[in-house]
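Here is how the chains run, residue by residue.
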Amino acid sequence: MAAGARRTPAEVLRDLWEQYGPPLHFLVLVVVLWEVAAWALRIPDWLLPPPHRVARRFLEARNLWLHTRVTLSEALAGFALSALVGPLVAAGIANFKFLERGVFPYIVLANAVPIVAIAPLLTVWLGYGIAPKIAVAMIITFFPIVTNTARGLTSADYRIIRMMHSLNASGFEIFRKIQVPTALPYIFAGFKISLSLSLIGAVVGEFYGGGDKGLGYLITVTAAQFDTPLLFVAVGILAVSGVGFFQVTALFERRLIYWATQDVAEQR
Amino acid sequence: MEKAGISLRNVGLTYRPRGKEPFEALRDITLDIRDREMFAIVGPTGCGKTSLLLLLSGILTPTTGEIAIRGGPVAEARARTEFGFIFQDPVLLPWRTVLGNVRLPLEVTKYDKARRDARCQELLAFVHLERFADAMPHELSGGMKQRVAIVRALAHNPSMILMDEPFAALDEITKRRLHLEFLEVWQREQKTAVLITHDLYEAIFLADRVAVMTPNPGRIKEVLPVDLSRPRTLEMRESEAFVRRARAVRQILEG
């Protein structure tokens, strides 16, 4: 919208600095303190490696990109499946009482089971490949998408629904013209939560699913070998990926449903 | 002879919520609202005004008595999409432009596609919003949004406008300006209008007749004609006839 229009490069830089400056300052402070503390207290590398050792390990390590790619693919595939199936299930739950009462309790029940309890079973069923990891990522991302979408679909103003009924609108017309657009901000809220969860799902799947690829696998191996610097690298990549996922969704959100985030923007 | 207007005969409404005591919202309402009349219903909150509006539009059915619209059942008028609604809040769709919001009833009622946008533009011009056709609702002030809601209710050319406290959320100055604009639109479009309000001055200023309701259970205490000429002007609010009417309504409300 108007906010993005015609800004000079200097203004863009200033905005970026305003947003990322404070956390960067803080990061530098923590890295310096950590470095000094590790050196002054003579903390061994396997216990808490100083930042420069982690950085060197990052540059030396081989197959990092492969592990990263595998884990991100699993996470995104699981998320994508949920993002496709979840809204359909939510539409059923939101519009049909018998589905809400008959099916939704089982979705709640399935969500209540700790994901680590299901992961080994999925390996038994789906083998050591990528499939069980995707399954774990899908299961963990499914619930927030379904609940948020269902809530969004049922949160249209009752008066507008009344008005539509008085105009003889069909159920499908109300669904398409009122319920679905109303639900979009809720769906995005679900997507944001689920994308972060998808990484957890993929890593948990790798912990319990055997195999020899992925950041979760790398973490298990490096922990067993006390290769703590590389473990830090793996954790760091996961953190950066998670933030990246979140930012990309937020970008789509701002573009697609700017009318819903406008209130928030106006409060600044 | 074809019957005109909206007629209510001994209408009563009792809510029977499950597991709770039944609640009598309306009792023995008998009314005749004429075609193209502006009919106001005033009363304190909780006197069943909104329930009455829901009965008129067929969203609720009376427990006792009968309602006829042009001699036929409410359901038939409903099937002919003869109702337009204006609520206390604009309830616009935030993802649609101003024009898109006004066009919604036209889309649903399959109004001639080629004429839709022209019809919306014409309506927006009535309320001086033609320049804002492409604006988004969040870019408008509260008064402007309510004006969009008013013309949206008129878009599909219904014969009756049902209004539930349509000006209650506005500040006094905006409210008075909107009163005048609304009267202008109403006169141009020739609609029967039922106005629910708790503001007795608003009721008198806008309406041809004012029905005064009292609560527990909701009943029509009296129906008073308003002997002010049209078009109404803001000066009339200070006229003796207006003040006399207001006093009469107030005295009935206070019992």
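Rules of the game
- Residues numbered from 1 in each chain as written.
- Chains lettered and ligands numbered in written order.
- Predicted model: local features only at pLDDT ≥ 70, side-chain atom pairs only at ≥ 80, totals over all residues.
- Heavy atoms only, no water.
- Helix = DSSP H or I, 4+ residues; strand = E, 2+ residues; numbered from the N terminus.
- Polar contact = N/O pair within 3.5 Å; in protein donor to acceptor, adjacent residues only side chain to side chain.
- Contact = heavy atoms within 4.5 Å.
- Axes fitted to C-alpha atoms, helices over the stretch in contact; angles between N-to-C directions.
- Parallel < 35°, antiparallel > 145°, perpendicular 65-115°, else oblique.
- Left-handed = near helix turned anticlockwise from the far one by under 90°.
- Nonpolar A, V, L, I, M, F, W, Y, C, P; charged D, E, K, R; others polar.
- Pairing = 2+ DSSP bridges.
- Buried area = accessible area lost by both parts, 1.4 Å probe.
- Salt bridge = Lys/Arg side-chain N within 4 Å of Asp/Glu carboxyl O.

### Points about the side chain of B:Ser159
Residue and element names in this part refer to chain B.
Link 1 in the chain: With respect to the helices and strands, the residue Ser159 is situated in the loop between helix H5 (142-154) and strand S7 (160-164).
Link 2 in the chain: Side chain to side chain, Ser159 and Glu82 meet in a polar contact 2.3 Å long.
Link 3 in the chain: When sequence neighbours within four positions are dropped, the list of residues in contact with Ser159 reads Arg70, Glu82, Lys191 and Thr192.

### Describing the packing of helix H8 (residues 158-166) of chain A against helix H9 (residues 171-208) of chain A
Residue and element names in this part refer to chain A.
Link 1 in the chain: At their nearest, the axes of H8 and H9 sit 11 Å apart, and the two run at 140 degrees to each other. By the angle class used here, H8 and H9 are oblique. Helix-helix and strand crossings are classified by hand; for H8 and H9 the assignment is right-handed. Within the contact between the two elements, H8 uses Ile160, Ile161, Met164 and His165 and H9 uses Glu173, Ile174, Lys177 and Ile178.
Link 2 in the chain: Residue composition of the contact of H8 with H9, grouped by class: five nonpolar, one polar and two charged.

### Description of the sheet that holds strand S5 (residues 72-73) of chain B
All names here are of chain B.
Link 1 in the chain: Spatially, S2-S1-S4-S5 is the arrangement adopted by the four strands of the open sheet, whose pairing is antiparallel. Unpaired on one side and paired on the other, strand S2 (23-33) and S5 mark the two borders of the sheet.
Link 2 in the chain: By the bridge criterion, two bridges tie strand S4 (residues 64-69) to S5 in an arrangement that is antiparallel. Looking at the pairing, Ala68 lines up with Pro73 of S5.
Link 3 in the chain: The strands that helix H1 (residues 49-56) touches are strand S1 (6-15), S2 and S4; relative to S1, the one it contacts most, it runs at about 120 degrees.

### A closer look at the interface of chain A and chain B
Link 1 in the chain: Each partner contributes to the interface: chain A provides 21 residues, whereas chain B provides 25 residues.
Link 2 in the chain: Across the chain A/chain B interface, buried area totals approximately 2100 Å², and carbon plus sulfur atoms make up 67% of it.
Link 3 in the chain: Of all residues in chain A, A:Arg159, A:Leu167 and A:Trp259 give up the largest surface area on contact with chain B, accounting jointly for 29% of the area buried on that side.
Link 4 in the chain: The tally of links between chain A and chain B comes to three salt bridges.
Link 5 in the chain: Among the salt bridges present, the one from B:Asp89 reaches A:Arg159, with a minimum N-O distance of 2.9 Å.
Link 6 in the chain: The tally of links from chain A across to chain B stands at three residue pairs in polar contact (both at pLDDT 80 or more).
Link 7 in the chain: Breaking the side of chain A that touches chain B down by element, the ones donating at least two residues are H8, H9 and helix H12 (258-266) of chain A.

### Remarks on the sheet that holds strand S6 (residues 83-86) of chain B
Residues and elements named next belong to chain B.
Link 1 in the chain: Overall, mixed pairing links the six strands, which are arranged S6-S7-S8-S3-S9-S10 in an open sheet. What marks the edges here is a single partner per strand, and that holds for S6 and strand S10 (219-225). If you compare each strand with its neighbour and ignore which way they point, the axes differ by 20 degrees on average.
Link 2 in the chain: Bridging between S6 and S7 involves four bridges; their strand directions are parallel. Note on S7: the bridge partner recorded for Gly84 is Ile161.
Link 3 in the chain: The strands that helix H8 (residues 240-253) touches are strand S3 (38-42), strand S9 (209-214) and S10; relative to S10, the one it contacts most, it runs at about 170 degrees.

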